[in-house]
Every structure is written in structure tokens, then in C-alpha cells.
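Residues per chain, in single letters:
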Amino acid sequence: MKHTLALSALALATSALMGCSSNSPTSTTTSFSAVESYNIQCTTRIEPQPSEMSVSGLTLVGTSIADAPFGTSAAEIVSYDTCTDKLYVVNAQGKKVDVLSLSESGEPSAQGQIDLTSAATQSGVAIGAANSVSAHQGLVAVAIESENKQEPGIIALYRSDSLELITTYPAGALPDMVSFSKDGQYIAAANEGEPNADYSIDPEGSVTLIDLKSGPLDAIVTQIDFREFNEGNARHDELSSDVRISHPNATVAQDLEPEYLTFDDNGQLFVALQENNALASIDVSAKRVTGIYGLGGKSWQDAKLDASNKDKMVGNLQSYPMLEGYTCLTASPATRLTDRLISSPQMKATVESMALIPHNKNAMS
């Protein structure tokens, strides 16, 4: 659920920024096609027919249950491949990706699995959980953390038809989300760089950008970091006070934790720095961070919200003096997202619900 909420708000926020970008799209020409290069067998899909009927409700079509214990993130992330007309579902602790086929009515049923130990063997990395999956026209990319979460993980690339491993790419520590660009020429991964329990090891957050234009086996892999924003470095002064840097002994690059990302149509990659109450923008062609935008604050001392789904109470509205969420209602031109990000009450409500950051982490559980 956290992925859905953050991504929906990230999509709203970045949609307003897209109009400001002057860069070229990620694909002026299409130079790589997995379907053609690997002779991937795509299925003939029955396209939905347009209708004048309005949607009046939702009906459950079917359910597929993962072969995994409850609470192990066995079906947290789902991606649909238009080529094979199948769903690819992360089975995190099982170190697998479940493959579901769809009936003509859309009912899902288990068809197979991608065993990620093949990626571990090829890369030489002892793998931990699979955190994310993204499918695009014959390819399936999987973000896999290292067995030691503070060590670099990998991105594994598979065929969507035969489920064979094509190759693996190095990533940063704890790759938490992976995504294809809309044209399929790039893969990006948000590497959270989460510290261990006592902060004795705190890897840097980063973004892995994989350029597929010459094909997967000749891809160019770039690790994009945030070291320029460390104190004493050239771009530190660009950070506004709205960017939350919370640990006193961490550098900025260590404290920033990329968690979600999305490509726009104008050559930009937007990255949610969830724990830092900020967004980062990256120029894809230049492979460079173009800005970090703090999202501002909103006190819940006077406002009220139902902050828990575990108290078995509906509508338990309370004020929380030590709790802060974020909004984008004020601006300074150089460093903050501006009022144009929130152009409607619906967008404002969505962005304000995107994260709640306790000043005291023990204030809520």
C-alpha cells in the first residue's frame, strides 16, 4: 500500500514539473527492441473496446494466492507485460517472481515462477529479498537487495516469454524500486541505502541508470550519487531547509534515501526521497542530478487525522503536536516546489497525505 500511495502523489507532483523541462525525450529514436533482438514471442491480445457506459462500480474477477506465508511481502509489487499478456509479481522473501496468466475475462492464475537464484549465480552476489519488478515489451527487470542490505544489490533482467535470465547489473545498496522508461531504452533503480539498526553502517542513497540503447549485453550502467550536496561540496548550498536531513552523523548522500521513481516524457527522472520529505530530479541524458526539492511542512498540532489502522477504531481523529506532514503551498523560486504543483484541491489533498514525518519517531507506531 505504501508504494501505491507514494507513487500516486509522486506522479501528481512530477506532472506539474514536466511542463518546466526543456530537455529532449528519452527516446528521439528507438534503437533497441527486445522483441526483435531476442525474437520474443508476443501473444495476440484482445484489445478492450471503447464504450459509452460509465463505471458504476468494481467487481472481483478472480484471485491468485501466492505460495508464501502471510506478511512476507509475497505480492507487494505487480507489473504487466503487454507482450506476453502476463502479470509478474514479486515474491520477496521467496526470492522469486510469480508469473500469472490472465483469462479472457481477466481472471489471474499462477503459471510459473522466475527463480532469482540464477541472478545470484551469474552476478556472484549473495542475494536477499526481491523488492520490485518492472516489465516492458518482452523484458522483466527485478530489483534484488544483497543478503547484507547495506551491501550493493543487483538488477536482474529476464525474458518475459521463456523466463530465461539475460544478464544482471550492479546497483546500489537496497535497490527498492525498478522501472523502465516509457520507450524501454532505460532502466532506473532507486537505491535506498538504508542504515543498519545502530547506524554503524550507513550506505549512501543512489540511483542506478541503465542505458539499453545498444542492447542489454552492451548496456551502460551509471551509478548516480548525491555527494555533490554533502556539506563542504559544490552544491550543498542548493539544499533548502525543507529537505529533511535527520541523522547528525550522516552525510547528505548517506541520509538521502531514494525509494520511488518515475520517468517523464521530457528526459527527466523524478525520485521520491521519502524519508527526506523531498523529490530529486535527474537529467537522463546528462546522468546528473538537476535539483533536490524540499516539500515543506504542515503541523498537525491543530489539524486532526485518523493516524492508525491498527487501533480498531474508525474516525479516531486526533491532533499530534509532534507530527509533521508536508505540503507545497509556499515557495521560494530557487529551492522549493512552487504553488503550481498544487493546482487543485484534489492534488493538494493527495500530496498532503503522501507522508507523515514524526519529529519524535516514538510519537506514533
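Computed from a predicted structure; not experimentally measured. In every chain, residue numbers begin from 1 and rise along the written sequence. Only residues with pLDDT of at least 70 get local features here, since the model is predicted, and only at 80 or more are side-chain atom pairs given and counted; chain-wide, interface and lining totals rely on the full set of residues. Neither water nor hydrogens contribute to the side-chain values; these are computed over all heavy atoms in the structure.

*Asks:* Now, about the overall build of the protein chain: what can you tell me, with residues and values included?
*Replies:* Strands here are runs of E lasting at least two residues and helices are runs of H or I lasting at least four, both read from the DSSP assignment and numbered beginning at the N terminus. In terms of regular secondary structure, the protein chain is built from 5 helices and 19 strands. With a 1.4 Å probe rolled over the protein chains alone, any residue whose accessible area is under 20% of its type maximum counts as buried; one over 50% counts as exposed, and the rest are partly exposed. Buried positions account for 46% of the 365 residues belonging to the protein chain. Working rule for contacts: check all heavy atoms of both residues, and any pair within 4.5 Å makes them a contact. Sequence separation of at least 24 residues holds for 51% of the intrachain contacts in the protein chain that already meet a minimum separation of 6. Per-residue and other accessible areas were derived by the Shrake-Rupley procedure at a 1.4 Å probe size, with only the shown protein chains allowed to occlude residues. Summing over all exposed atoms, the protein chain offers an accessible surface of approximately 18100 Å²; the carbon and sulfur share of this is 50%.

*Asks:* Any chance you could break down the sheet that holds strand β14 (residues 268–273) for me, citing the residues and the numbers?
*Replies:* A pair of strands is labelled paired if DSSP reports no fewer than 2 bridges between them. Taken in spatial order, the 4 strands make up an open sheet running β13-β14-β15-β16, and their pairing is antiparallel. The open sheet terminates on both sides in strands that have one partner only, identified here as β13 (260–263) and β16 (288–294). Strand-to-strand, the axes of this sheet are offset by a mean angle of 20 degrees, without reference to chain direction. Taken together, the 6 bridges between strand β15 (residues 278–283) and β16 define a ladder with antiparallel strand orientation. Axis definition: a line fitted to C-alpha atoms, over the contacting stretch in the case of helices. Angles run 0 to 180 degrees between N-to-C directions.

*Asks:* Please provide a residue-by-residue account of the environment of Asn 249, values included.
*Replies:* With respect to the helices and strands, Asn 249 occurs in the loop between β12 (220–224) and α4 (252–255). Considered as a pair, Asn 249 and Ser 200 are 49 residues apart in the sequence and their alpha carbons are 10.0 Å apart.

*Asks:* Let's hear about the pattern of salt bridges: which residues, and what values?
*Replies:* Salt bridges are identified by distance alone: a Lys or Arg side-chain nitrogen within 4 Å of an Asp or Glu carboxyl oxygen. Under the defined criterion, the tally for this structure stands at 8 salt bridges. Among the salt bridges present, the one from Asp 211 reaches Lys 213, with a minimum N-O distance of 2.8 Å. Glu 228 serves as the salt-bridge partner of Arg 235, at 3.3 Å between the closest nitrogen and oxygen. Salt bridges sharing partners connect three or more residues here, namely Glu 204, Asp 225 and Arg 227.

*Asks:* Please set out the nonpolar core residue by residue, giving values where relevant.
*Replies:* Of all hydrophobic cores here, the largest spans 24 residues; its most connected members are Phe 226, Leu 269, Val 271, Leu 273 and Ile 292. Every element with two or more residues in this core is listed here: β10 (186–191), β11 (206–211), α4, β13, β14, β15 and β16. Beyond its immediate sequence surroundings of up to four residues, Leu 269 is in contact with Ala 188, Val 207, Leu 261, Thr 262, Phe 263, Ala 280, Ser 281, Ile 282 and Val 284. Residues belong to a common nonpolar core when they are buried Ala, Val, Leu, Ile, Met, Phe, Trp, Tyr or Cys residues joined through side-chain atoms within 4.5 Å. Leu 116, Ala 130, Val 133 and Val 142 belong to the second-largest nonpolar core, a separate cluster that totals 21 residues.

*Asks:* Explain the pairing of strand β9 (residues 175–180) to me, and be specific about the residues and the numbers.
*Replies:* With 6 of 6 residues buried, β9 is to be regarded as a mostly interior element. Sheet analysis places β9 next to β10, joined by 5 bridges and oriented antiparallel. When the bridges of β10 are listed, Ser 179 appears paired with Ala 188.

*Asks:* Describe unusual backbone geometry, and please don't skip the residues or the numbers.
*Replies:* For Tyr 199, which is not glycine, the phi torsion reads 60 degrees and is therefore positive. Structurally, Tyr 199 is set in the loop between β10 and β11. Residue classification places Tyr 199 among the partly exposed residues on the basis of a relative accessible area of 31%. Positioned with a positive phi, Asn 277 is a non-glycine residue whose angle comes to about 55 degrees. Positionally, Asn 277 belongs in the loop between β14 and β15. Residue classification places Asn 277 among the buried residues on the basis of a relative accessible area of 3%.

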